[in-house]
Amino acid sequence: MRKGTIVFLVVNFCIIGLLVNAFSTLIGLLFEDGAADAITRAEIPAPGSDLIENRTQMIPKIIHQTYINASIPAQWKPGQQSCIDLHDDYEYKLWTDDKSREFIEAEYPWFLTTFDSYPFPIQRADAIRYFVLHFYGGIYIDLDDGCNRRLDPLLSYPAWVRRTVPTGISNDAMGSIPQHPFFNTVIDSLAGYNRNWFMPYITVMYSTGPLFLSVIWKEYLRVDRPPMEHVRILMPDEYKGFAWSFFNIVKGSSWHGKDAQTIFWMGKHWLLLTVSGFAIAGVVGACLWSLWNMWVMKGKRSSPGRKRMGLWRRISGGKERYELLDRMA
Ligand SMILES: *[C@@H]1O[C@H](CO)[C@@H](O)[C@H](O)[C@H]1NC(C)=O
């Protein structure tokens, strides 16, 4: 019985440790505004400005997008076309499910088992974008993001991601040179984060999605790095909503259908959902713990003469302490 209790406690402490660890990074994320690496409004030349030509361009001119297959749904076509039309000198790569798997098999065979093991297709769609940026470099854009202007000014940074409100970063628009250390870290971390959190939303967000990327980013920021290794941050106003913003959400796209609406809502409230997810996991843990206690108590009651002992005494047993006293005497 005592051995069982110890095992149970160790398991529980491990779970609590993991939760606290996850929470501490999440709490850290809340206070991480990315300001130190922000791409300031002042350094972005206006659309069409001659200044753009004077900047060194590091990121290759490639646009990556993903979809199940080559039949892009009608509501996303205008957004896709806006990016293609504005960038006729860029290479355009659409990563379908088939092409993605072939690419992983050929270039990152060590990842294929993890890639195939993902229970949700969206996890593969998340993962593939990190690998193609790592391999080819370029700019990844979600299909529901249209382009509002040419992306050339964003080629002048070794890597950039987009800041989300209230916290963290997103994986819906990102740019990078090939083999940037941040994306090295990202693809290296994917297998370790491939866990099932028993709620599809949390599982997707924390294994491959924006929460995963934000946590890796927060940890990446702990180390002092040379400028080339920094991940620059595209701030919300430069992302969308203004004449000088790079992207726009194609009208009517995300609002088609209940599913899209739910996903859109979840994307906006991912922090709230994540914290409540962990809180629910904590409550479930506490319930298991009290059930275990009740079960232990029932066992105790059926052995007469033994009173209920405190938690600590039940762990340490009491006997060992007498032995220790004996030895000391
Ligand atoms: C592409 O995928 C969609 C959604 O699953 C499906 O309805 C469509 O038939 C597929 N098209 C082709 C050409 O396979």
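Cut-off values and rules
Residues numbered from 1 in each chain as written. Predicted model: local features only at pLDDT ≥ 70, side-chain atom pairs only at ≥ 80, totals over all residues. Heavy atoms only, no water. Near = heavy atom within 4 Å. Polar contact = N/O pair within 3.5 Å; in protein donor to acceptor, adjacent residues only side chain to side chain. Areas by Shrake-Rupley, 256 points an atom, 1.4 Å probe, with all protein chains shown as cover. Axes fitted to C-alpha atoms, helices over the stretch in contact; angles between N-to-C directions. Helix = DSSP H or I, 4+ residues; strand = E, 2+ residues; numbered from the N terminus. Parallel < 35°, antiparallel > 145°, perpendicular 65-115°, else oblique. Left-handed = near helix turned anticlockwise from the far one by under 90°. Contact = heavy atoms within 4.5 Å. Nonpolar A, V, L, I, M, F, W, Y, C, P; charged D, E, K, R; others polar. Patch = residues over 30% accessible without salt bridge, like charges linked within 9 Å, V, L, I, M, F, W, Y side chains within 5 Å. Salt bridge = Lys/Arg side-chain N within 4 Å of Asp/Glu carboxyl O. Buried < 20%, exposed > 50% of the residue type's maximum accessible area, 1.4 Å probe, protein only. Phe/Tyr/Trp six-rings, centres within 6.5 Å; stacked < 30°, edge-to-face > 60°. Lys NZ or Arg CZ within 6 Å of the ring centre and 35° of its normal. Lys, Arg positive; Asp, Glu negative; His and termini not counted.

(A) Here's a closer look at the site of the ligand. Ile68, Asn69 and Ser71 make up every residue found near the ligand. One nitrogen or oxygen atom from the side chain of Asn69 is found 2.3 Å from an oxygen atom belonging to the ligand. Note that a nitrogen atom of the ligand is positioned 3.2 Å from one of the side-chain N or O atoms of Ser71. Expressed as a share of its isolated accessible area of 360 Å², the protein-covered part of the ligand is 31%.

(B) Spatial organisation of the packing of helix 5 (residues 121–135) against helix 7 (residues 200–207). At their nearest, the axes of helix 5 and helix 7 sit 10 Å apart, and the two run at 15 degrees to each other. Judged by the inter-axis angle, helix 5 sits roughly parallel to helix 7. Like other packed secondary-structure pairs, helix 5 and helix 7 cross with a definite hand, here right-handed. Packed against helix 5, whose contacting residues are Ile122, Gln123 and Asp126, the element helix 7 presents Thr203, Val204 and Ser207 at the interface. Residue composition of the contact of helix 5 with helix 7, by class: two nonpolar, three polar and one charged.

(C) Local environment of a nonpolar patch on the surface. A cluster of nonpolar side chains, contributed by Ile280, Val284, Leu288, Leu291 and Met294, occupies part of the molecular surface with about 500 Å² of accessible area. Here Ile280 shows up in helix 11 (residues 270–301). The class of Ile280 is partly exposed, set by a relative accessible area of 47%.

(D) Spotlight on the pattern of salt bridges. Using the criterion set out here, one finds 14 salt bridges in the structure. Of the charged contacts in the structure, one is a salt bridge between Arg129 and Asp142, with a shortest N-O distance of 3.4 Å. Of this pair, Arg129 sits in helix 5 while Asp142 sits in the loop between strand 3 (138–141) and strand 4 (145–147), and the two are 13 residues apart along the sequence. Judged on exposure class, the residue Arg129 and its partner Asp142 are both buried. Between Asp172 and Arg162 there is a salt bridge, with its nearest N and O atoms 2.8 Å apart. Of the two residues, Asp172 is situated in strand 6 (residues 169–176) and Arg162 in strand 5 (residues 159–163); the sequence distance between them amounts to 10 residues. The network of salt bridges with shared partners includes Lys61, Asp89, Arg150 and Asp152.

(E) Representation of the packing of aromatic side chains in the model. Taken as a whole and judged by the stated rule, the model has 24 aromatic pairs. Summarising the aromatic geometry, the rings of Phe111 and Tyr118 are spaced 6.3 Å apart at their centres and angled 55 degrees between planes, so their arrangement reads as tilted. The residues Phe111 and Tyr118 share a single accessibility class, namely buried. Between Phe182 and Phe183, the aromatic rings sit 5.2 Å apart at their centres with planes inclined by 75 degrees, giving edge-to-face as the arrangement. Here Phe182 matches Phe183 in class, with each residue buried. Through a chain of ring-to-ring contacts, the aromatic side chains of Trp95, Phe103, Tyr108, Trp110, Phe111, Phe115, Tyr118, Phe131, Phe135 and Tyr136 assemble into a single cluster. Across the ring face of Tyr193, the terminal group of Arg195 is positioned such that the distance to the ring centre comes to 5.7 Å.

(F) Representation of the side chain of Arg149 in the model. By the element assignment, Arg149 lies in the loop between strand 4 and strand 5. The side chain of Arg149 sits in the buried core without any salt bridge; Glu238 is the nearest counter-charge, 8.0 Å away. In this structure the side chain of Arg149 is engaged in a polar contact, spanning 2.6 Å, whose partner is the backbone oxygen of Pro45. For Arg149, the side chain forms a polar contact with the main-chain oxygen of Trp244, separated by 3.0 Å.

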